[in-house]
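A look at the structure
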Amino acid sequence: MLGVPFSTLDAAGALAEIERLIERDEPGFVVHANVHTVNLATADPAYRDVLRRADLVLNDGKGVMLGARVKGSRFPLDLNGNFFSPLLLRRAAERGWSVFFFGAKPGVAEHAAEIVRRDIPGLEIAGTRNGYFAPEEEGLVAQDIRAASPDIVMVGLGNPRQEQWLDRHLAATGAKLGIG
């Protein structure tokens, strides 16, 4: 859609693809893309290239679902982060994958970790970190995440920053999967 390569998976297919990404040798990069994401990518070719390098782009929201219909296609389901993230976190608990929450204002990632720890028994939280840091600290943030040894890094820095950060630093975190 406007140069952004969406998958057309249902929830089970997306979870299966994420398992495949986690099992391979290199880290997997997953994006939730909504209309705002597509608009940003249309205006910024470098950001569009970041999205094209992602291993999996999931549709996020009714706007992209409507856009697909206009183009004569359909998504099987709205895989927005509010719906899909709990499914992913439950799968992480089942498989023993640890999760690191990164982003938002101070205290938000910690609060989110408390909620999912309570609601998803067995989920291992490797760590949390807020999204406030200077550009020259990006590498240090990646090192801090690496020290926590997560399998999955969930990044909430907003578009386009979270995808750009994952594109540049996911490998340095040592995580098997990064998702914005």
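In this report, the structure presented in the accompanying data block is examined. Note that the coordinates shown come from a computational prediction; the quantities given were computed from them, not determined experimentally.

Calculation notes
- Residues numbered from 1 in each chain as written.
- Predicted model: local features only at pLDDT ≥ 70, side-chain atom pairs only at ≥ 80, totals over all residues.
- Heavy atoms only, no water.
- Helix = DSSP H or I, 4+ residues; strand = E, 2+ residues; numbered from the N terminus.
- Buried < 20%, exposed > 50% of the residue type's maximum accessible area, 1.4 Å probe, protein only.
- Phe/Tyr/Trp six-rings, centres within 6.5 Å; stacked < 30°, edge-to-face > 60°.
- Lys NZ or Arg CZ within 6 Å of the ring centre and 35° of its normal.
- Expected span 1.5 Å × (residues − 1).
- Polar contact = N/O pair within 3.5 Å; in protein donor to acceptor, adjacent residues only side chain to side chain.

With that settled, consider the environment of Gly158. With respect to the secondary-structure elements, Gly158 resides in the loop between strand 5 (152–156) and helix 8 (161–173). For Gly158, a relative accessible area of 32% puts it in the partly exposed group. A C-alpha to C-alpha distance of 12 Å links Gly158 and Tyr132, two positions 26 residues apart in sequence.

Glancing now at the packing of aromatic side chains. A complete count under the given rule lists 2 aromatic pairs for this structure. Following the ring pairs from residue to residue traces out a cluster consisting of Phe102, Phe133 and Trp165. The cationic tip of Arg161 hangs over the ring face of Phe133; the distance from NZ or CZ to the ring centre is 4.6 Å.

Attention shifts here to helix 5 (residues 81–95). Between its first and last C-alpha, helix 5 extends 20 Å over 15 residues, near the 21 Å set by a 1.5 Å rise per residue. Every buried residue belonging to helix 5 is among Gly81, Phe84, Ser85, Leu88, Leu89, Arg91, Ala92 and Ala93, and all of these are buried. Backbone nitrogen of Asn82 and a side-chain oxygen of the N-cap are separated by 3.0 Å at the start of helix 5; the cap is Asn80.

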